[in-house]
Structure formats: C-alpha cells, structure tokens
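Listed below, chain by chain, are the residues.
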Amino acid sequence: MGCCISKPGRTQSIHISIPQSRGPTQEIPELPRSSTLPHRARANENPTYFICPYCLGEFRESITLQGFTDHLLFCIRNGPISNSAPKKQFSHLSKESPYITKIEWFRDQINGIRIPWQSESMKLIIQRDNFLITSMAHLLTYTIQDLHKEFQITFEGELGMDAGGVLREWLTLLMKTLFSTDHGLFQFTNSKCLSYTFPDVIDKARSDEYVFMGKLMGKALFENIPINCQLSRIIFKHIVEEEIVLGDLTFVDEDLYRSLIFIRENPIEDVFFETFQVQKPKDKFILKEGGENEKVTEESKQEYIDLRFRFETQDLIKQGLELIMQGFYSVIPKPLIIFFTAEELELALCGLPYIDIQDWQEFTEYRDEFSVNHQDVKWFWEIIESFTQEQLSDLLMFVTGTPRLPVEGFSSLRTIRGDAARFTLEPMNYEENKLTLPRAHTCFNRLDLPRYPSKEIMEKGLLYVLNNHALGFGNE
C-alpha cells in the first residue's frame with residue numbers, strides 16, 4: 001500500500017441550463033432549439049433538460065448523455081466565444097456572462113489566494129478505521145488560510161507520499177461516506193435525477209458534519225477535483241444566490257409540484273381538504289400562525305401555494321443550508337461564486353457526467369515501447385470499449401483517485417500542483433507463475449500495464465483490480 005489506495009465510485013448525470021443566449025463563432029454539432037418560449041420562461045416551469053454552457057444549444061429527452069458530452073467537449077476545445085465577450089475580459093461579470101469567461105476568472109482569483117506549497121502545506125494523518133472522525137478533527141480546526149494551503153494526506157500505517165492522488169481519493173471516499181444512506185446525513189429527493197437534500201429535521205448534534213461537508217465541497221472546487229456531490233439543484237441555487245421558482249420544486253418533490261399546479265389550475269372545493277399545516281414523517285409544521293386550524297379554500301389556495309413553496313425551498317432546509325454554506329464559503333469566498341448559475345456550479349464541482357473513450361484515447365500518453373500501434377495497447381482499448389460506464393468510472397478511480405473528470409475532459413488531467421499529467425500507459429514485466437496485476441500511480445495518473453500473453457489474461461487482470469483495489473491490490 002502507498003499513496004494510491006482507492007475505491008470504486010459511481011457516475012451520475014447532471015442537468016445543465018444557462019439563462020443566456022449567444023451564437024458560436026464557428027460551426028458546431030447542431031442541436032435542436034425551441035421556437036416557442038424563451039429559455040428563462042421555459043426553465044421556470046420545467047427546468048429538466050441539458051443546455052451547453054458554451055453555445056447554449058439545448059439537449060432534450062431525445063438526446064443521449066453521450067451526445068451531450070461529445071458536444072460539450074467540442075465547444076470547450078474549439079472555444080465558441082462571442083467576439084463581443086473576449087476570453088480575457090473579466091470586467092462586468094454577471095450570471096449572464098459566458099461560462100468559459102467566468103470559470104477562467106474564477107481560477108485566476110483562486111490562484112491569487114492560494115498559499116504556495118513551497119511556503120507551507122497541511123499534513124493530515126488519517127486513520128482508516130476512524131476515517132470520518134480523524135478527517136473532521138483536522139478540517140474543523142483549520143483556519144481559512146490553512147484551507148488555502150496544499151493538503152498532504154497520509155493514511156496511518158501506509159507508506160508513500162501524497163502528490164495529489166491520495167487527496168483525490170480522500171475526497172472521493174469522504175463524499176461517498178457522507179452521502180451514504182446508512183450515514184443519514186442526507187435523504188433522497190423525490191425527483192427523476194438521483195439527488196439528495198436535508199432530512200426534514202436535522203439533529204443539532206451533527207451540525208459539525210454539515211460544516212465539514214461544505215469545507216470538502218469548497219476544497220474540491222478550490223483544487224479543481226471533480227467529486228460526486230449530488231445535492232439538489234435548489235441547494236446549489238442558494239449557494240450562488242440564484243432566484244428559485246416554482247418549477248424548481250421538481251428537483252426535490254415532483255409529486256408535490258404536480259399537486260400544487262393542480263391546485264392552482266383547478267377548483268379545489270370537495271377535492272382538497274388540507275389546512276395550512278404540513279405533515280412530514282417525523283414532524284408536523286405550521287405554515288402560518290393558526291394555520292393548523294384554517295382550511296385551504298378556493299380564495300386562499302394561492303396563499304397556500306406560496307407558503308408551501310417557501311417552506312419546501314427555504315424554511316425546511318434553512319438550518320442545514322446555513323451550515324454547509326458556512327463551510328463552503330470558508331474555502332471559496334462568496335464574491336467569487338455568485339456570478340455562476342446553479343447549473344454552472346454543479347458542472348464545475350462535479351465534472352463531466354459521461355466518460356468518453358475516444359476522448360480518453362486522444363489524450364493518452366505512452367511510455368517506453370508502448371505506442372498507439374502496440375499490440376498490448378490495442379488490447380487495452382478493445383477491452384475498455386466493452387466496459388460499462390460504471391466500470392469505466394471504477395477504472396478512472398483506480399488510476400486517478402477520482403471517478404469523475406474535470407469539465408474539460410481528459411485533456412485537463414493535472415497533478416495537484418497544476419502540472420499537466422495526462423493518463424499514461426507504461427509497460428511492466430509479466431511473470432507467468434505469479435499474480436501480475438496492473439499497477440496505478442494516482443498521483444501522476446499513470447497505469448503500469450503488464451505485457452500479458454493474451455487479451456483474455458489482460459482483461460482478467462484489469463477486472464481483478466477493479467473488483468479488489470479497495471483492498472490495496474495494484475496500487476503504489
């Protein structure tokens with residue numbers, strides 16, 4: 001064991017929409033566009049489709065997630081930026097500014113407050129048996145300046161120095177722990193996309209965990225390490241101070257949204273018999289003074305809709321939200337983030353939703369005798385082309401320490417100190433009478449691939465480490 005121990009993760013889809021329209025400067029893969037209502041109006045009613053942050057092309061249900069990712073990568077690499085908004089022009093930023101302009105400005109600002117590793121770094125000694133507790137013991141005592149320093153993670157009793165790979169693994173494992181159903185810090189939303197929100201009643205004894213969660217989110221964004229952070233879109237909207245509209249209820253409770261729309265659009269006499277009170281599994285809440293005894297009528301139904309909307313999107317999540325934002329803003333100063341839309345923040349924090357093998361191949365480097373035409377390399381790509389997205393995510397986790405990619409894709413893989421570190425294949429000797437497994441160096445995104453005698457044996461070796469590398473197999 002050493003600096004590159006890791007566990008498999010999961011990839012999840014995200015929805016992307018940006019309330020702005022502008023034309024690309026060059027031809028890009030064509031996407032369907034609506035000819036009826038403007039985007040902002042449509043989003044207010046049902047914001048559940050993909051929008052490219054670069055050219056504002058729309059992806060609806062008939063478009064695959066792979067198609068969306070292909071288009072997104074094309075736009076990133078070819079830079080469809082309006083001539084009226086040059087890339088280096090950072091003045092007068094707003095939520096309507098091009099995403100690529102905002103993210104470049106954001107990275108410049110982050111580098112301005114980063115404390116160089118040559119000056120000082122923070123050494124975190126983590127016990128695997130007390131993974132969460134020992135991690136919290138560090139972060140909850142750190143100052144704002146400490147959070148802006150380089151983290152060097154060491155798992156107690158394990159050899160190796162962290163050059164970034166262990167930090168990525170540490171963040172990934174912590175997010176997996178905090179979102180675990182058994183852990184109970186969050187609960188599933190009732191929406192089409194897998195996402196989480198706060199429990200109806202938050203245990204005050206767990207307040208530190210929400211602050212800790214916010215600090216992890218901030219540190220991941222600070223270091224440009226994509227993480228699986230499947231919080232409700234409404235929570236992201238609060239973080240960037242974006243207006244929340246009735247249609248956003250679909251991100252937490254689609255049944256409630258449909259019910260409120262039905263109440264608004266139809267007579268409710270002899271159909272709706274509720275009072276101004278909300279019954280939740282563990283508690284009941286009064287929407288206004290004396291509301292538990294006041295029946296909702298045709299005349300008062302709009303008041304009920306407004307109060308219920310505010311309760312579900314603000315009051316119910318206020319306590320947990322304030323704690324997460326306390327931690328998040330201690331790493332990422334609030335003025336640096338409020339120019340982003342919720343969708344853009346989610347994209348910057350979570351990275352690409354789809355792993356594209358062609359993109360992977362295009363930005364892979366080879367060492368020693370390995371090349372794109374080498375037989376072992378050909379076998380490798382043939383094998384992973386048959387992998388599911390879950391297996392590709394596990395392989396990415398094994399080699400890089402994180403199951404997701406930055407928004408720019410494989411071309412943007414770097415070390416924690418910002419040096420280019422593309423996915424690299426390097427040959428290693430195969431010993432026929434010994435279990436010879438691929439070996440990963442997560443700090444440098446490198447995979448040492450044994451020169452197997454056949455494609456079938458190579459596939460068995462790769463699958464073995466993907467199924468067992470949580471135990472330390474094939475890591476250095």
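Predicted, not measured: the structure shown is a model, and the values here were computed from it.

Reading guide: rules and limits
Residues numbered from 1 in each chain as written. Predicted model: local features only at pLDDT ≥ 70, side-chain atom pairs only at ≥ 80, totals over all residues. Heavy atoms only, no water. Helix = DSSP H or I, 4+ residues; strand = E, 2+ residues; numbered from the N terminus. Buried < 20%, exposed > 50% of the residue type's maximum accessible area, 1.4 Å probe, protein only. Contact = heavy atoms within 4.5 Å. Areas by Shrake-Rupley, 256 points an atom, 1.4 Å probe, with all protein chains shown as cover. Salt bridge = Lys/Arg side-chain N within 4 Å of Asp/Glu carboxyl O. Core = buried A, V, L, I, M, F, W, Y, C linked by side-chain atoms within 4.5 Å. Pairing = 2+ DSSP bridges. Axes fitted to C-alpha atoms, helices over the stretch in contact; angles between N-to-C directions. Expected span 1.5 Å × (residues − 1). pLDDT = per-residue confidence, 0-100. UniProt positions renumbered as here; feature names shortened; annotations may be inferred. Polar contact = N/O pair within 3.5 Å; in protein donor to acceptor, adjacent residues only side chain to side chain.

Caption draft 1: Inspection of the overall build of the protein chain at higher detail. Check the secondary structure of the protein chain and you find 16 helices and 12 strands. By the burial criterion, 57% of the 476 residues in the protein chain qualify as buried. A sequence separation of at least 24 residues applies to 71% of the contacts in the protein chain between residues at least 6 apart. About 21200 Å² of surface is accessible on the protein chain, with carbon and sulfur atoms providing 49% of the total.

Caption draft 2: Representation of the pattern of salt bridges within the structure. Considering all chains together, one arrives at 26 salt bridges under this definition. Here Glu241 ties to Lys334 by a salt bridge, and the two come within 2.4 Å at their closest N and O atoms. With a gap of 93 residues between them, Glu241 in the loop between α8 (233-239) and α9 (254-265) and Lys334 in the loop between α11 (318-331) and α12 (342-350) connect regions that are remote in the sequence. According to the relative accessible area criterion, Lys334 is partly exposed, its value standing at 33%. Where Glu382 meets Lys455, a salt bridge forms, and the shortest distance between an N and an O atom there is 3.1 Å.

Caption draft 3: Highlighting the nonpolar core. Counting 121 residues, the largest nonpolar core has Phe106, Phe151, Trp170, Phe186, Met217, Cys229 and Phe380 as its most contacted members. In terms of residues, this core owes the most to one element, helix α7 (residues 207-222), which gives 9 residues. Residues contacting Phe380, with those up to four places away along its chain left out, are Leu395, Phe423, Leu425, Leu447, Leu449, Met458 and Leu462.

Caption draft 4: Local environment of the sheet that holds strand β12 (residues 446-450). Read across the open sheet, the 4 strands follow the order β9-β10-β12-β11; overall the sheet is mixed. Each of the sheet's edge strands pairs with one partner strand only, and the pair in question is β9 (364-366) and β11 (439-441). Each strand axis lies, on average, 25 degrees off the axis of its neighbour in the sheet, ignoring direction. Pairing analysis gives 3 bridges linking β9 to strand β10 (residues 423-428), with the strands arranged parallel. Bridge pairing in β10 links Thr364 to Phe423. Against the sheet, helix α15 (residues 389-400) contacts β10, β11 and β12, and its axis sits at roughly 65 degrees relative to β11.

Caption draft 5: Fine view of α7. Under the 1.5 Å per step criterion, the end-to-end length of α7 is 23 Å for 16 residues, consistent within 8% with the ideal 22 Å. Just downstream of α7, Asn224 is the residue with a positive phi angle, here 55 degrees.

Caption draft 6: A look at the confidence of the model for the protein chain. Scored by pLDDT, the protein chain comes out at a mean of 81, with 78% of its residues at no less than 70. Every residue in residues 1-48 scores below 50 in pLDDT, and together they form 166 contacts with partners more than four places removed in sequence or on other chains. Across residues 80-90, confidence stays below pLDDT 50; counting only partners more than four residues off in sequence or on other chains, it has 23 contacts.

Caption draft 7: Just unusual backbone geometry, in detail. Its identity as a non-glycine residue notwithstanding, Glu241 has a phi of 55 degrees, on the positive side. One non-glycine residue with positive phi stands out, namely Asp368, at about 55 degrees. Assignment of secondary structure puts Asp368 in the loop between β9 and α14 (375-384). Judged by relative accessible area, Asp368 falls into the exposed class, the value being 61%.

Caption draft 8: Geometry of the UniProt feature "active site" (unreviewed entry) in the protein chain. The sites that UniProt annotates as "active site" (unreviewed entry) are Cys443. Residue position: Cys443 is located in the loop between β11 and β12. The class of Cys443 is buried, set by a relative accessible area of 1%.

Caption draft 9: Here's a closer look at the side chain of Ser207. Here Ser207 shows up in helix α7. A distance of 2.8 Å separates a polar side-chain atom of Ser207 from the backbone oxygen of Lys204.

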